[in-house]
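So the chains spell out like this:
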Amino acid sequence: MTTERIGFIGLGNMGAPIAMNLLRDGRDVSVFDISRDAAAPHLAAGARWADSPASAAADADLLITMLPGPRQVEDVLLRHGAAAALRPGAVWVDMSTSSPETAQLVAETALDSRGVHRLDAPVSGMVRGATEGTLQIFVGGDGEIVERVRPVFNVLGRPETVFHMGPHGAGYVTKIVGNQLWFSHLVATAEVLTLGAKAGVDVELLRKTIAASPSNSTLIEKDIVCVYEGDYDESFAVSLAAKDSGLAVSLGRELGVSVELSALVEQIYRRAALTYGPRAGEMSPVKLYEDLAGIKLRPGHAS
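Residues numbered from 1 in each chain as written. Predicted model: local features only at pLDDT ≥ 70, side-chain atom pairs only at ≥ 80, totals over all residues. Heavy atoms only, no water.

Draft legend 1. Up close: the overall build of the protein chain. Helices and strands together make up the secondary structure of the protein chain, namely 14 helices and nine strands. Computed over the C-alpha atoms, the radius of gyration of the protein chain is 21 Å, within 12% of the 19 Å expected from 2.2 N^0.38 for a compact globule of 303 residues. Judged by the C-alpha coordinates and their principal axes, the protein chain covers about 65 × 45 × 35 Å. Every one of the 303 residues in the protein chain was classed for burial, and the buried ones make up 53%. Taking contacts inside the protein chain between residues at least 6 apart in sequence as the whole, the part at least 24 apart equals 68%. Looking at the protein chain as shown, the accessible area adds up to about 13400 Å², and 56% of this sits on carbon and sulfur atoms. Once the 27 positive and 36 negative side-chain charges of the protein chain are each reduced to a mean point, those two points are 3 Å apart. (Helix = DSSP H or I, 4+ residues; strand = E, 2+ residues; numbered from the N terminus. Rg over C-alpha atoms; globule rule 2.2 N^0.38 Å. Buried < 20%, exposed > 50% of the residue type's maximum accessible area, 1.4 Å probe, protein only. Contact = heavy atoms within 4.5 Å. Areas by Shrake-Rupley, 256 points an atom, 1.4 Å probe, with all protein chains shown as cover. Lys, Arg positive; Asp, Glu negative; His and termini not counted. Charge placed at Lys NZ, Arg CZ, Asp CG, Glu CD.)

Draft legend 2. Spatial organisation of the packing of aromatic side chains. Within the structure shown, the criterion is met by four aromatic pairs. A ring pair is formed by Phe183 and Tyr269, whose centres lie 5.1 Å apart and whose planes are at 55°; its orientation type is tilted. Taken together, the residues Phe183 in helix α9 (residues 170-198) and Tyr269 in helix α13 (residues 260-276) connect sequence positions 86 residues apart. Take Phe183 and Tyr269: they sit in the same class, and that class is buried. Here a set of aromatic residues connected by ring pairs shows up, and it is made of Trp182, Phe183 and Tyr269. (Phe/Tyr/Trp six-rings, centres within 6.5 Å; stacked < 30°, edge-to-face > 60°.)

Draft legend 3. Inspection of the pairing of strand β2 (residues 28-32) at higher detail. Here β2 lies mainly inside the structure; four of its five residues are buried. With five bridges joining them, strand β1 (residues 5-9) and β2 adopt parallel strand pairing. Directly across from Ile9, in β2, lies its bridge partner Phe32. Following the chain from β1 across helix α1 (residues 15-24) to the adjacent parallel β2, one finds a crossover that is right-handed. In this structure, β2 lies alongside strand β3 (residues 48-49), joined through two bridges in parallel fashion. (Pairing = 2+ DSSP bridges. Right-handed = clockwise from strand over helix to strand, strands pointing away.)

Rendered as structure tokens:
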């Protein structure tokens, strides 16, 4: 697909480095974002500016969207005309953390009847993975279309981390449930570390013992230690985490699966967003537990 044109919509924390990696690979890329300033590095690197979502899609063989959630996906694709502007035979790849229902609505409204293809391809790996081109990519859709787009995916992630999860929607579901497990684990970790620290146990010694136990995880081994410096990971907003957790709860409701724990975790994330503001870091539930207990999780400072 190296000769094909790529339209890219959404130059946020994740979208900006993804689009830049496509440009560095020599791809023909046009970009759109609600802030033209966000596109300045891409334009300097050879991207073309699109004045609207529809213009980004109009001459694209492949349209990639990386947007905050289902509402924005629906707005860009339907209300702002990107879906209708795609030519027959083009492919829409949605890398947003969105819902199968939203993509199906877009497809039924403006894609299927005109022979426009689609893939859901949300990602994992955070900003670092987006920057380094080492993302995990969870793809849902027709296998033939997946193979058509795979060379592009391989620019953004390693070949062994690009997973065809199944039919349309399977990529979204994989990302939703994976995120929810991390959120649930974060809340549980915040709770037990705060409990232990409040009881007088040094938090770092406690973390190390948990890391040596069957309860170990990457979060326990690496992720959680940033809070020792008062860093609650502002690279991803707590409001977006709450939105993502809500997607898991909505999916459970739709499928008739009990997700009581996920529902509680969602409410804790929403409480953290209300308490510290929507742009606070995704680890803000840890701060919520700290503040409620009247302590800080800092090594050498047992309660």
